[in-house]
Amino acid sequence: MNITEIKPGVRYVGVNDRTTTRFEGLWSLPYGVSYNSYLVTGERVALIDTVEESFGSRFVENIRRELGDRTIDFLVVNHMEPDHSSSVATLRRLYPQMRIVGNAKTLQMLQGYYGIGENTLEVKEGDTLDLGGLTLAFYFAPMVHWPEVMVTYCPEYRLLFSADAFGTFGALDGGITDSQLRLDHFWDEMRRYYAAIVGKYGAPVQKALQKLSGLPVETICPTHGPVWQHEIGRVVEIYDRMSRYEGEPGVVIAYGSMYGNTEQLADELARSLATEGVAPIIVHNLSTADPSVVLRDVFKYDTLVVGSPTYNNELFPEVEYLLSRIEARCIPHRNFALFGSYTWAAAAVRRFTEFAERMKWALPCTPIEMKQGYSHERYDGECRRLAGEIASMMNRGKTAANL
Ligand code: FEO
């Protein structure tokens, strides 16, 4: 058995990256990441996407192991972000006769990034490329999550090369397809990938899902993570839910705290929510939490509670970062509640309220505004009161969702 063969004539030639610590210079990679590339071999050979250039030599070795001295006739560039395109120039040098296939936006970026303008083939929506025995059809998926993105469909195998869509963080440990891999961590890694990388573009993802719903698909080959065959239903459901910004029932409490007083409030509020029967409850200290994990959980759950001390008459910086990331991703709705603290001049609650107004999120719960230190006598009752209001807000949300 050749583990890299996904279908006869369709082979995996991607690479694992367990070295890079921050994807895009921002997002942690506790399980690494894979840059996926595929060879499609009929009478002619097409390569679908490339890999990050620092892995270029092992990528070329992978290709040569599969092809030997045979040449590549076409390089299909579904996505120009450099984690997939930065080996294009190397391939062009090795296979100078290879035609680079992309849409008008791809070809413009190819010139801008790599100075390549020769021997290209521009495709339009629905165009096909006959490889002799296998066909490739091109469908555009703009803003998933760059403007030039397209997907490539092989009708003979009902196989979709989906670019970043349906991708996840996480290296491919041994296997390539979902039935060959231990999948446990990939589900939350998919959510974290979506929230961090694609999260702003829910509407274009929905459009792409609708467009692709007309194609019978039995294999999805994304640019990151496992090749999906058995779990396509679950994968599409995760992407559909996240691109509709629909959270599962659950509360994320995200707080900043300098000396532990706001943290005590967060903890007591979490206890009171548990007493109300709310579950699951996820509490993140924003000074220590991984920002992409917090963002993932904000996407994953339907209720967000934020807490912050007043800091230089503003929010605590780590809290401000979280809000700016949420705002940048245009999340249209969340059950939202808040608490703030101050020592001599209150600002946190006001800043949170301004954020809610900008986001057009309702604020049905009365915030807690704590002055100076936490004490059980002064604030336990307030936490119980706010927890009761949050539980009611969540129940109203559930009822509305069921109407
Ligand atoms: Fe994996 Fe948008 O690049």
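Keep in mind that what you see is a predicted model, and the values were worked out from it rather than measured.

S.K.: Would you take a moment to explain the overall build of the protein chain for this structure?
M.R.: If you tally the helices and strands in the protein chain, you get twelve helices and 22 strands. Dimensions of the protein chain, computed from C-alpha atoms along their principal axes, come out at roughly 80 × 45 × 35 Å. Looking at the 403 residues of the protein chain, the share that counts as buried comes to 57%. Counted over contacts in the protein chain with a minimum sequence separation of 6, partners at least 24 positions apart contribute 71%. Just so you have it, the protein chain exposes about 16700 Å², and 49% of that area is on carbon and sulfur atoms. Counting 40 positive and 50 negative side-chain charges, the protein chain places the centres of these two groups 2 Å from one another.

S.K.: Just checking my understanding: could you explain the layout of surface pockets for this structure?
M.R.: Gaps left between atoms show up when a probe the size of a water molecule is rolled over them. Here the largest pocket defines a volume of roughly 350 Å³. Met-258, Pro-309, Thr-310, Tyr-342 and Thr-343 are the residues nearest the centre of the largest pocket, which is lined by 19 residues in total. The set of elements that each furnish at least two residues to the lining of the largest pocket consists of α8 (261-275), β19 (301-311) and β21 (335-342). Ranked by the residues each element gives to the lining of the largest pocket, the list is headed by β19, at three residues.

S.K.: How do you make sense of the sheet that holds strand β14 (residues 150-154) when you look at a structure like this?
M.R.: To summarise the sheet geometry, strands pair through backbone hydrogen bonds and adopt either a parallel or an antiparallel arrangement. Here we have five strands laid out as an open sheet, ordered β12-β13-β14-β15-β16, and mixed in their pairing. Looking at which strands have only one partner, the edges of the open sheet turn out to be β12 (128-130) and β16 (219-221). Each neighbouring strand pair of the sheet contributes to a mean axis angle of 20°, computed without reference to strand direction. As paired elements, β12 and strand β13 (residues 135-140) share three bridges and run antiparallel to each other. Its bridge partner being in β13, Thr-128 is matched across the sheet by Ala-137.

S.K.: Honestly, unusual backbone geometry in this entry has me stumped. Any pointers?
M.R.: Note: most peptide bonds trans; most residues except glycine with negative phi. In this structure, His-145 follows Val-144 across a cis peptide bond, with omega equal to 5°. Following the sequence through the fold, His-145 ends up in the loop between β13 and β14. Even without a glycine there, the phi angle at Asp-49 is positive, about 60°. Counting through the fold element by element, Asp-49 comes out in the loop between β8 (45-48) and α1 (56-67).

The rules behind the values
Within each chain, residues carry numbers counting from 1 in the order of the written sequence. Given that this is a predicted model, residues contribute local features only at a pLDDT of at least 70 and side-chain atom pairs are listed and counted only at 80 or more, while totals for whole chains, interfaces and linings are drawn from all residues. Computation of side-chain values covers all heavy atoms of the structure but excludes hydrogens and water. Comment: elements are numbered from the N terminus, with helices defined as DSSP H or I runs of at least four residues and strands as E runs of at least two. Accessible area is worked out with a 1.4 Å probe on protein chains only. A residue is then buried under 20% of its type maximum, exposed over 50%, and partly exposed in between. Between two residues, a contact is recorded if the distance between any of their heavy atoms is within 4.5 Å. Where accessible areas are quoted, they stem from the Shrake-Rupley method and a 1.4 Å probe; at the residue level, only the protein chains shown are allowed to cover. His is not counted, nor are the chain ends; Lys and Arg add positive charge and Asp and Glu add negative charge. A single reference atom marks each charge: NZ on Lys, CZ on Arg, CG on Asp, CD on Glu. Cavities and pockets are found on a 1 Å grid laid over the protein atoms alone: a cavity is a set of points where a 1.4 Å probe fits but cannot escape, a pocket is an open set with protein on both sides within 12 Å along at least five of seven lines, and a lining residue has an atom within 4 Å of such a point. Grid points are joined across faces, edges and corners, and a volume is the space filled by probe spheres set on the points. One bridge is not enough; two strands pair if DSSP finds at least two bridges between them. Axis definition: a line fitted to C-alpha atoms, limited for helices to the stretch in contact. Angles are taken between N-to-C directions and run from 0 to 180 degrees.

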